[in-house]
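Listed here are the chains, written in short residue letters.
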Amino acid sequence: VQVIQASDKHALWATEQCARAGCFAAVLCWPRQADDKALRRLQVAAESGRTLVFAFRDKAAADNASPAALRLKIGADHVQVLKCRGGLTPPRPIPFPYARQ
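**Some remarks on the environment of Cys23**
Looking at the element boundaries, Cys23 is found in the loop between helix 1 (8-21) and strand 1 (26-29). Linking Cys23 and Ala46, residues 23 residues apart in sequence, is a C-alpha distance of 11 Å.

Now the structure itself:
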């Protein structure tokens, strides 16, 4: 596990470089601001580096477009599939049967 602490300005750049390097199995990031162009750059970097990239974004970003192949909205007791490239999204959220109450 390698942890990189970067300013908001450099966080997406650092994520892109790690993904493109191809030496990580997965890269996790929590971008505060990511527009379509930045997300597309992450997608291309992930594909070229053959790396999984997980971008954890605020729930307000769920309504924004994204080039991601899979988009999930995680709630306290369910997960909703917003987008699934190559497949049908379930019509209803998928419950977590053992979620804490």
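**Details of the side chain of Gln43**
Tracing the sequence through the fold places Gln43 in helix 2 (residues 36-49). With a relative accessible area of 14%, Gln43 lands in the buried category. When neighbours within four sequence positions are excluded, Gln43 is seen to be in contact with Pro67 and Arg85.

**Quick word on helix 1**
Taking 1.5 Å per residue, 14 residues should reach 20 Å; helix 1 reaches 21 Å between its end C-alpha atoms and fits that length. Of all the residues in helix 1, the buried ones are Leu12, Ala14, Thr15, Glu16, Cys18 and Ala19. Where helix 1 is buried, its residues contact strand 1, helix 2 and strand 2 (52-55). Positioned one or two residues after helix 1, Gly22 has a phi angle of 80 degrees, which is positive.

**Notes on the pairing of strand 2**
With four bridges connecting them, strand 1 and strand 2 associate as parallel partners. For Leu28, the partnering residue across the bridge sits in strand 2 and is Phe54. Traced from strand 1 through helix 2 to strand 2, the parallel crossover comes out right-handed.

**Observations concerning the packing of aromatic side chains**
Overall, the coordinates contain one aromatic pair when judged by the stated rule. For the ring pair Trp30 and Phe56, a centre distance of 5.0 Å and an interplane angle of 15 degrees mean the geometry is stacked. Placement of Trp30 in the loop between strand 1 and helix 2 and of Phe56 in the loop between strand 2 and strand 3 (70-74) is noted, with a sequence separation of 26 residues between them.

**What to know about the confidence of the model for the chain**
The predicted structure's coordinates, where accompanied by low pLDDT, should not be read in detail. Per-residue confidence for the chain averages 90 on the pLDDT scale, and 97% of its residues sit at or above 70. Here strand 3 stands out as the least confident element of the chain, with mean pLDDT 91; strand 1 is the most confident, with 95.

**Here we look at unusual backbone geometry**
Despite not being glycine, Arg50 shows a phi value in the positive range, around 50 degrees. With respect to the element layout, Arg50 can be found in the loop between helix 2 and strand 2.

**A few points about the sheet that holds strand 4 (residues 78-84)**
Strand order in the open sheet made by the three strands is 3-4-5, with antiparallel pairing throughout. Only two strands of the sheet have a single neighbouring strand rather than two, namely strand 3 and strand 5 (94-95). Here strand 4 pairs with strand 5 via two bridges, running antiparallel. Directly across from Val79, in strand 5, lies its bridge partner Ile94.

Cut-offs applied
Residues numbered from 1 in each chain as written. Predicted model: local features only at pLDDT ≥ 70, side-chain atom pairs only at ≥ 80, totals over all residues. Heavy atoms only, no water. Helix = DSSP H or I, 4+ residues; strand = E, 2+ residues; numbered from the N terminus. Buried < 20%, exposed > 50% of the residue type's maximum accessible area, 1.4 Å probe, protein only. Contact = heavy atoms within 4.5 Å. Expected span 1.5 Å × (residues − 1). Pairing = 2+ DSSP bridges. Right-handed = clockwise from strand over helix to strand, strands pointing away. Phe/Tyr/Trp six-rings, centres within 6.5 Å; stacked < 30°, edge-to-face > 60°. pLDDT = per-residue confidence, 0-100.

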